[in-house]
Amino acid sequence: MSASELIDFSKLCIHTITTKPWDVETAIEKYANAGIGGITVWRQWLEGRDIEKIGNSIREHNLSLVSLCRGGFFPAADQQGVDAAIEDNRLAIREAAALGAPMIVLVCGAVPGQPLTKSRKQITDGIAAVLPLAEELGIKLAIEPLHPVYADDRSAINTMAQANAVCDELDHDLVGIAADVYHIWWDPDLEEQIRITGEKNRLFAFHICDWMTPTSDLLNDRGLMGEGCIDIKGIRKMVEATGFAGFNEVEVFSNRWWSQDQDEFLAAIKKAYLENS
Ligand code: ZN
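Cut-offs and rules
- Residue positions are given per chain, counted from 1 along the sequence in the order it is written.
- Reporting in this predicted model follows two pLDDT cut-offs: at least 70 for local features of residues, and 80 or more for side-chain atom pairs to be given and counted; totals over whole chains, interfaces and linings ignore these cut-offs and use all residues.
- Calculated side-chain values reflect all of the structure's heavy atoms, with hydrogen atoms and water omitted.
- Only DSSP runs of H or I with at least four residues qualify as helices, and only runs of E with at least two residues qualify as strands; both kinds are numbered from the N terminus onward.
- The quantity called the radius of gyration is restricted to C-alpha atoms. Its globule counterpart is 2.2 Å times the number of residues to the power 0.38.
- For the exposure calls, accessible area comes from a 1.4 Å probe over protein chains only, and a residue counts as buried if that area is under 20% of its type's maximum, exposed if over 50%, partly exposed in between.
- By definition in these notes, contact holds between two residues if any of their heavy atoms fall within 4.5 Å.
- When charges are tallied, Lys and Arg are placed among the positive residues and Asp and Glu among the negative ones, while His and the ends of the chain are skipped.
- Working definition for charges: the position is that of NZ of Lys, CZ of Arg, CG of Asp or CD of Glu.
- Side-chain atoms within 4.5 Å link the members of a nonpolar core, which is a set of buried Ala, Val, Leu, Ile, Met, Phe, Trp, Tyr and Cys residues.
- Our arc is simply the arc of the directions from the helix axis toward the C-beta atoms.
- Whenever a nitrogen or oxygen atom comes within 3.5 Å of another N or O atom, the pair is scored as a polar contact, on the condition that within protein one atom can donate a hydrogen and the other can accept it, and that pairs from neighbouring residues in sequence are kept only if both atoms are in side chains.
- If DSSP finds at least two bridges between two strands, the strands pair.
- Orientation is described by lines fitted to C-alpha atoms, with helices fitted over the stretch in contact, and by angles between N-to-C directions that extend from 0 to 180 degrees.
- Only nitrogen, oxygen and sulfur atoms within 2.8 Å of the metal, or 3.2 Å for Na, K and Ca, are treated as donors, and water is left out, so sites may look incomplete.
- The term salt bridge refers to a pairing of a side-chain nitrogen on Lys or Arg with a carboxyl oxygen on Asp or Glu at a separation within 4 Å.
- When the centres of two rings from Phe, Tyr and Trp lie within 6.5 Å, Trp using its six-membered ring, the rings pair. Their planes under 30 degrees apart give stacked, over 60 give edge-to-face, and anything left gives tilted.

**Things to note about the overall build of the protein**
Here is step 1 of the chain: The helix and strand tally for the protein stands at eleven helices and ten strands.
Here is step 2 of the chain: The C-alpha radius of gyration computed for the protein amounts to 18 Å, which stays within 12% of the reference 19 Å derived for 277 residues, consistent with globular compactness.
Here is step 3 of the chain: Each of the 277 residues in the protein was classed as buried or not, and the buried ones make up 56%.
Here is step 4 of the chain: Across the protein, every contact between residues at least 6 apart in sequence was considered, and the portion connecting residues at least 24 apart equals 80%.
Here is step 5 of the chain: Of note, the protein has its 25 positive side-chain charges centred 1 Å away from the centre of its 42 negative side-chain charges.

Put into structure tokens, the structure is as follows:
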């Protein structure tokens, strides 16, 4: 690969779930060979693996380990569920430390039928409960607001403003926000909220993909940048205006792309990153 390719893709990160058919070893090899700068590892990719060894392999391949995805899902209908979620998040923090990842992305959770305000309190309390361990191991926690279509069972935090409110309440350097264009592109307050997030030094991550019209599956029909209707370049400008110098993380859940040749998909990701983000 040429030096210019290294420069072009040095701020491109890919989530292992984006190339779901590849196991973690394959993803590391393929991303590194393609000159990609970073990798975000999903926890399922670590099952049955020696986590420290995977972390070492990522570093040996000169990939930046951007984050571990994902913790969260704090809300529960009973105390047992609340306690179990907190324990699982502590486990995720230990896994991030073993891997050498500086940050965990939190998909915060919701319980169908439970008031969103109650879920938000459980989320805030849950993050507070795991913060001492995150502090001890130096792991950042990035709250990812999810599009309101997921307010029933995946996240009671649906806007940057709600995520900022939780951050304000916890008021801790290790608690910030993962801004994902898929979830926030529609928000009329987006520009202001991104600005506020940056000012408070809590814009921890930037995820990119696209919104398909029509969307055939609300979970697994995300588009590659440029395939849908999101003004990714515009949102990236807002993000970079805050001084954000982190990665552009490609996070595409797509049955359509997963069913295709993943080497061709990786080439398409690089092209879309250069042209449409
Ligand atoms: Zn995301």
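**Remarks on the nonpolar core**
Here is step 1 of the chain: One finds Ile-127 and Ile-143 to be the most contacted residues of the largest nonpolar core, which totals 94 residues.
Here is step 2 of the chain: For Ile-143, the residues in contact, after removing those within four places along its chain, are Leu-106, Cys-108, Ile-127, Ile-157, Ala-163, Val-166, Cys-167, Val-175, Gly-176, Ile-177 and Ala-178.

**A closer look at helix 3 (residues 51-60)**
Here is step 1 of the chain: Buried residues of helix 3: Ile-51, Ile-54, Gly-55, Ser-57 and Ile-58, and no others. Across the axial projection of helix 3, the buried residues extend over an arc of 160°, all falling on one side. Opposite its buried face, helix 3 presents the exposed residues Glu-52, Lys-53 and Glu-60, each directed more than 90 degrees away.
Here is step 2 of the chain: Taken together, the buried residues of helix 3 touch helix 2 (24-33), strand 2 (38-42), strand 3 (64-72) and helix 4 (79-99).
Here is step 3 of the chain: With a side-chain oxygen positioned 3.2 Å from the backbone nitrogen of Glu-52, the residue opening helix 3 is Asp-50.
Here is step 4 of the chain: Two residues or fewer after helix 3 comes Asn-62, characterised by a positive phi angle close to 60°.

**A look at unusual backbone geometry**
Here is step 1 of the chain: In this model, Cys-69 is joined to Arg-70 through a cis peptide bond whose omega is 5°.
Here is step 2 of the chain: Within the element layout of this structure, Arg-70 appears in strand 3.
Here is step 3 of the chain: For the bond from Thr-213 to Pro-214, the omega torsion is -5°, close enough to zero to count as cis.
Here is step 4 of the chain: Relative to the helices and strands, Pro-214 resides in the loop between strand 8 (210-211) and strand 9 (222-223).
Here is step 5 of the chain: Although it is not a glycine, Asn-62 adopts a positive phi angle of roughly 60°.

**Observations concerning the sheet that holds strand 5 (residues 140-143)**
Each strand in a sheet pairs with its neighbour through backbone hydrogen bonds, running either in the same direction (parallel) or in the opposite one (antiparallel).
Here is step 1 of the chain: Around the barrel, eight strands lie side by side as 1-2-3-4-5-6-7-10; this closed barrel has parallel pairing. Sheet twist, expressed as the mean angle between neighbouring strand axes with direction ignored, is 30°.
Here is step 2 of the chain: Note that strand 1 (residues 12-15) and strand 2 share three bridges and pair parallel. Within strand 2, the position partnered with Cys-13 by the bridge is Gly-38.

**A few points about the coordination of the zinc ion**
Here is step 1 of the chain: Listed as protein donors to the zinc ion are Glu-144 (OE), Asp-180 (OD), His-207 (ND1) and Glu-251 (OE); their distances from the metal cover 1.9 to 2.2 Å.
Here is step 2 of the chain: Taken in chain order, the donor set of the zinc ion reads E-x35-D-x26-H-x43-E. Of this pair, Glu-144 sits in the loop between strand 5 and helix 6 (160-170) while His-207 sits in strand 7 (residues 203-208); the two residues are 63 residues apart in sequence, bridging distant segments of the chain.
Here is step 3 of the chain: When its relative accessible area of 0% is taken as the criterion, His-207 is described as buried.

**Description of the side chain of Glu-95**
Here is step 1 of the chain: Tracing the backbone shows Glu-95 in helix 4.
Here is step 2 of the chain: Dropping the residues within four chain positions of it, Glu-95 is found in contact with Arg-43, Ile-51 and Leu-68.

**Let's talk about the pattern of salt bridges**
Here is step 1 of the chain: Evaluated as defined, the whole model comprises 16 salt bridges.
Here is step 2 of the chain: Glu-87 is paired through a salt bridge with Arg-90; the nearest N and O atoms lie 2.6 Å apart. Here the residue Glu-87 and the residue Arg-90 both occupy positions in helix 4, the gap between them amounting to three residues, near one helical turn.
Here is step 3 of the chain: Measuring nitrogen to oxygen at the nearest pair gives 3.0 Å for the salt bridge that ties Lys-200 to Asp-168. Taken together, the residues Lys-200 in the loop between helix 8 (190-199) and strand 7 and Asp-168 in helix 6 connect sequence positions 32 residues apart.
Here is step 4 of the chain: Looking at Lys-200, the relative accessible area reads 41%, which means it is partly exposed.
Here is step 5 of the chain: The class for Asp-168 is partly exposed, based on a relative accessible area of 38%.
Here is step 6 of the chain: One network of salt bridges, with partners in common, ties together Asp-23, Glu-25 and Arg-49.

**So, the packing of aromatic side chains**
Here is step 1 of the chain: Following the criterion strictly, the structure yields six aromatic pairs and no others.
Here is step 2 of the chain: The interplanar angle of 75° and the centroid separation of 6.5 Å between the aromatic rings of Phe-206 and Phe-244 together place this pair among those described as edge-to-face. Remark: Phe-244 occurs in the loop between helix 9 (232-241) and strand 10 (248-250) and Phe-206 occurs in strand 7; sequence separation between them is 38 residues. In terms of burial, Phe-206 and Phe-244 fall into one category: buried.
Here is step 3 of the chain: On the basis of an interplanar angle of 15° and a centroid distance of 4.7 Å, the ring pair of Trp-257 and Phe-265 is categorised as stacked. The pair Trp-257 / Phe-265 is uniform in exposure class, with both members buried.

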